[in-house]
Amino acid sequence: MMSKFKSNEEFFDFSKLLLVIPLQDIINLLVKYEVKLPLYVHRFLLKETIRQEVFNEPLYNTYTDELKFRLRGYDNFSIYLLEKLINDYNLNFSLPRYKEMMLNILFVNKEALVIKNNFFNDLEQLKHNYTVDLEVMKYSEFYHAIQKVLYEQPGFLDGISIHDWDEDLLTSYTLGDLKALGEKYGVKIPRRINKTKLIEILQAKFKLSADETELLETKSVLELEIYAKEKGFKISIDLKKTDMIEYMKYALGMYNNYPKDDFFDYHIPVFSDAEAVEEDIVEEVIEETYIPEEVHDEVEEVIIQPVKEEIIEEPIKVEKVEEVKKEVKEEVKEVVEPTEPESELTDIEIPEELETEPTLSDSNILSQEEKELLDEKINLIIKKYYKRRRTRRVVWTIVIIVLLAVAGWAGYEYLWPLIQG
């Protein structure tokens, strides 16, 4: 079977003909040959399967400015955010498109996955058992079936390496999203932790001994945060987005997990038009079936017509969402995701899609919880500003009084002898 394909491209063309095989049969075959896929591969397949629906122009124009801004990081969406889009916007899930890409992934990575030749031989035999109808299935039903051949590789969280959960990736998440992500994995993320919990996180992060842990217990919270920062680990008791991820790593026992590199080759076609796929299948059926010439036209009509009735509309070509041109300044990030009081308020770049620039305390790009935290931070900055200004005034008043006193004394010392004389 496999020797007949001289290149990956030949199999890519052939895989379209395998889409008539029901999902459950493919899953059974994967189980039979003990083939499993890591969740980060499922994340890639799901991301590409729904991409054209997510960025379909009529639907995209209904999104809020906040969602459009977050979609700039679509390629970094974890499985949770992808599934949230499907549920929130009732997106169509194209099972044929997912199956085609999955089969191509399996073929391209057959050596790495140690897939035997018989697996593809069995697929070809299954193809002959079904008609040209393409299977339709909701995502929830699909995932319930497919999850038995998926697994989360150590060192990955929701299909993304724990090392990749940085501030740039987290711009696509709200605080509520992160709490929901925690709940998905059985972790209840608090908004604030106490000193004891902070010490436990530090102990797990740096594998501290009992004596080192006992020493930390004598320190204040501020000293603990400074201790962590000196060791290259930023964390505070008021959990910001990055702190929430650290809390999840701690709660899930992931500090001792070291993710392996993603070894998969993803150089496959990521989209096939449904009509083109069905036509290829029909042509294959006609080629493999002997039909007398005098009745060929009638048979062709019977075969093709029902298929065309089920064809979904040709998807609208969607322009790629342009990348973020400028990064949000570090001090402003700390204001939006409240951090140390010393931060200064700076300007925030607003996505180009916005016609008017919203204010920071009442912005569409912030969730309600973030707005409240931002207003609180702004009030702290204003109070500090007026406090520093009052301090400067007092200092200058004292300096001026002292200078006047010195000048007065010098004048007295100079004039007094002259008056006496």
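Relevant structure appears above.
Residues numbered from 1 in each chain as written. Predicted model: local features only at pLDDT ≥ 70, side-chain atom pairs only at ≥ 80, totals over all residues. Heavy atoms only, no water.

1. Concerning the side chain of Ser 78
Phase 1: Position of Ser 78 among the secondary structure elements: in the loop between helix 5 (65-70) and helix 6 (79-88).
Phase 2: The exposure class assigned to Ser 78 is buried, which follows from its relative accessible area of 0%.
Phase 3: At 2.5 Å, the side chain of Ser 78 and the side chain of Tyr 173 are in polar contact.
Phase 4: Sequence-distant contacts of Ser 78, defined by excluding residues within four places in its chain, comprise Arg 43, Asp 158, Ile 160, Trp 165 and Tyr 173. (Helix = DSSP H or I, 4+ residues; strand = E, 2+ residues; numbered from the N terminus. Buried < 20%, exposed > 50% of the residue type's maximum accessible area, 1.4 Å probe, protein only. Polar contact = N/O pair within 3.5 Å; in protein donor to acceptor, adjacent residues only side chain to side chain. Contact = heavy atoms within 4.5 Å.)

2. Structural notes on the packing of aromatic side chains
Phase 1: This structure, assessed with the given rule, holds 26 aromatic pairs.
Phase 2: Geometrically, the ring pair formed by Phe 93 and Tyr 139 is edge-to-face, given 5.4 Å between the ring centres and 75 degrees between the ring planes. Note that Phe 93 is positioned in the loop between helix 6 and helix 7 (95-108) and Tyr 139 in helix 10 (residues 139-146), a separation of 46 residues in sequence.
Phase 3: The exposure class of Phe 93 is buried, given its relative accessible area of 10%. (Phe/Tyr/Trp six-rings, centres within 6.5 Å; stacked < 30°, edge-to-face > 60°.)

3. Structural notes on a nonpolar patch on the surface
Phase 1: A cluster of nonpolar residues, Trp 409, Tyr 412, Tyr 414, Leu 415, Trp 416, Leu 418 and Ile 419, forms a patch on the protein surface that exposes about 860 Å² of accessible area.
Phase 2: Looking at where Leu 415 falls in the secondary structure, it is placed in helix 20 (residues 368-420). (Patch = residues over 30% accessible without salt bridge, like charges linked within 9 Å, V, L, I, M, F, W, Y side chains within 5 Å. Areas by Shrake-Rupley, 256 points an atom, 1.4 Å probe, with all protein chains shown as cover. Salt bridge = Lys/Arg side-chain N within 4 Å of Asp/Glu carboxyl O.)

4. Overview of the nonpolar core
Phase 1: Counting 95 residues, the largest nonpolar core has Leu 71 and Leu 106 as the members making the most contacts within it.
Phase 2: Considering every element that reaches this core, the biggest residue donor is helix 7, with 9 residues.
Phase 3: Among residues more than four places away in sequence, those in contact with Leu 71 are Val 54, Phe 55, Tyr 60, Tyr 63, Phe 77 and Leu 85. (Core = buried A, V, L, I, M, F, W, Y, C linked by side-chain atoms within 4.5 Å.)

5. Some words on a negative patch on the surface
Phase 1: A grouping of Asp 211, Glu 212, Glu 214 and Glu 217 is seen on the molecular surface, where their side chains present a negatively charged patch.
Phase 2: Tracing the backbone through its elements, the reader meets Glu 214 in helix 14 (residues 210-216). (Lys, Arg positive; Asp, Glu negative; His and termini not counted. Charge placed at Lys NZ, Arg CZ, Asp CG, Glu CD.)

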